[in-house]
Amino acid sequence: QVQLVESGGGLVQPGGSLRLSCAASTSIFSGNTVGWYRQAPGKQRDLVATMTATRTPKYAESVQDRFTISRDNAKNIIYLQMNSLKPEDTAVYYCNVVLWTNGYIYWGQGTQVTVSS
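Read on for an overview of the structure. (Residues numbered from 1 in each chain as written. Predicted model: local features only at pLDDT ≥ 70, side-chain atom pairs only at ≥ 80, totals over all residues. Heavy atoms only, no water.)

### What to know about the overall build of the protein chain
(1) Moving on: For the protein chain, the count of helices and strands is zero helices and eleven strands.
(2) Moving on: Reading the protein chain from its N terminus to its C terminus gives the helix and strand order β-β-β-β-β-β-β-β-β-β-β.
(3) Moving on: Relative to the globule expectation of 13 Å for 117 residues, the C-alpha radius of gyration of the protein chain, 13 Å, shows essentially globular dimensions.
(4) Moving on: Taken along the three principal axes of its C-alpha coordinates, the protein chain extends 45 × 25 × 25 Å.
(5) Moving on: Long-range contacts, defined here as pairs at least 24 residues apart, represent 54% of the contacts in the protein chain between residues at least 6 apart.
(6) Moving on: When the accessible area of the protein chain is evaluated, it comes to approximately 6,200 Å², of which 48% is carbon and sulfur surface.
(7) Moving on: The positive charge centre, built from 10 side chains, and the negative charge centre, built from 7, are 5 Å apart in the protein chain. (Helix = DSSP H or I, 4+ residues; strand = E, 2+ residues; numbered from the N terminus. Rg over C-alpha atoms; globule rule 2.2 N^0.38 Å. Contact = heavy atoms within 4.5 Å. Areas by Shrake-Rupley, 256 points an atom, 1.4 Å probe, with all protein chains shown as cover. Lys, Arg positive; Asp, Glu negative; His and termini not counted. Charge placed at Lys NZ, Arg CZ, Asp CG, Glu CD.)

### Here's the deal with the environment of threonine 33
(1) Moving on: Mapped onto the elements of the fold, threonine 33 is located in strand β4 (residues 33-39).
(2) Moving on: Of the residues examined, threonine 33 reaches a relative accessible area of 29% and is grouped as partly exposed.
(3) Moving on: Distance from threonine 33 to threonine 56, taken between C-alpha atoms, is 9.3 Å for residues 23 residues apart in sequence.
(4) Moving on: Not counting the four nearest positions on each side in its chain, threonine 33 is found in contact with Thr50, Met51, Thr52, Ala53, Arg71, Asn96, Val97 and Val98. (Buried < 20%, exposed > 50% of the residue type's maximum accessible area, 1.4 Å probe, protein only.)

### Details of the sheet that holds strand β1 (residues 4-7)
(1) Moving on: Read across the open sheet, the four strands follow the order β1-β3-β8-β7; overall the sheet is antiparallel. Edge positions in the sheet fall to β1 and β7 (67-72), since each of these pairs with one other strand and no more. In this sheet, neighbouring strand axes are inclined to one another by 15° on average, regardless of whether the strands run parallel or antiparallel.
(2) Moving on: With six bridges connecting them, β7 and strand β8 (residues 77-82) associate as antiparallel partners. Note on β8: the bridge partner recorded for serine 70 is tyrosine 79. (Pairing = 2+ DSSP bridges. Axes fitted to C-alpha atoms, helices over the stretch in contact; angles between N-to-C directions.)

### Some points on the side chain of arginine 66
(1) Moving on: Tracing the sequence through the fold places arginine 66 in the loop between β6 (57-59) and β7.
(2) Moving on: Here aspartate 89 takes part through its side chain, which lies 2.8 Å from a polar atom of the side chain of arginine 66.
(3) Moving on: If sequence neighbours within four positions are ignored, arginine 66 has contacts with Gln81, Met82, Asn83, Ser84, Leu85, Lys86 and Asp89. (Polar contact = N/O pair within 3.5 Å; in protein donor to acceptor, adjacent residues only side chain to side chain.)

### So, unusual backbone geometry
(1) Moving on: Positive phi is not limited to glycine here, since aspartate 65 has a value of about 75°.
(2) Moving on: Tracing the sequence through the fold places aspartate 65 in the loop between β6 and β7.
(3) Moving on: Under the relative-accessibility criterion, aspartate 65 is labelled exposed at 75%.
(4) Moving on: Of note, the phi angle at asparagine 76 is positive, near 60°, even though the residue is not glycine.
(5) Moving on: Its place among the elements puts asparagine 76 in the loop between β7 and β8.
(6) Moving on: In this structure asparagine 76 comes out as buried when scored by relative accessible area, which is 17%.

### Re the pairing of strand β3 (residues 18-24)
(1) Moving on: Among the seven residues that make up β3, five are buried, leaving the element largely enclosed by the rest of the structure.
(2) Moving on: In terms of strand pairing, β1 meets β3 through four bridges, oriented antiparallel. Note on β3: the bridge partner recorded for leucine 4 is alanine 24.

Spelled out as structure tokens, the structure:
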């Protein structure tokens, strides 16, 4: 049973930083594309950042140059470093992994990020 568990969310002031972590219960990240998505109240879940197995990142325009996705396959963890946070970054953040073998997607349960003064 694959489980993804996010952590690191919380309340931060505008301009602050947070680092989210997503730990997998198995070595499922290795060889697969991983990603971070977010969902604000009343809105759809949107892509934040992804990283391929070859470590090519892709970012939503709204977070480009502020957020950084990274992965540590040996520890079965992916990260999202978030700098210069804005109130509009407030959302529940979810990590996922897409299996290259069949396209199946595993999701974490989400972690709340609130940016407010």
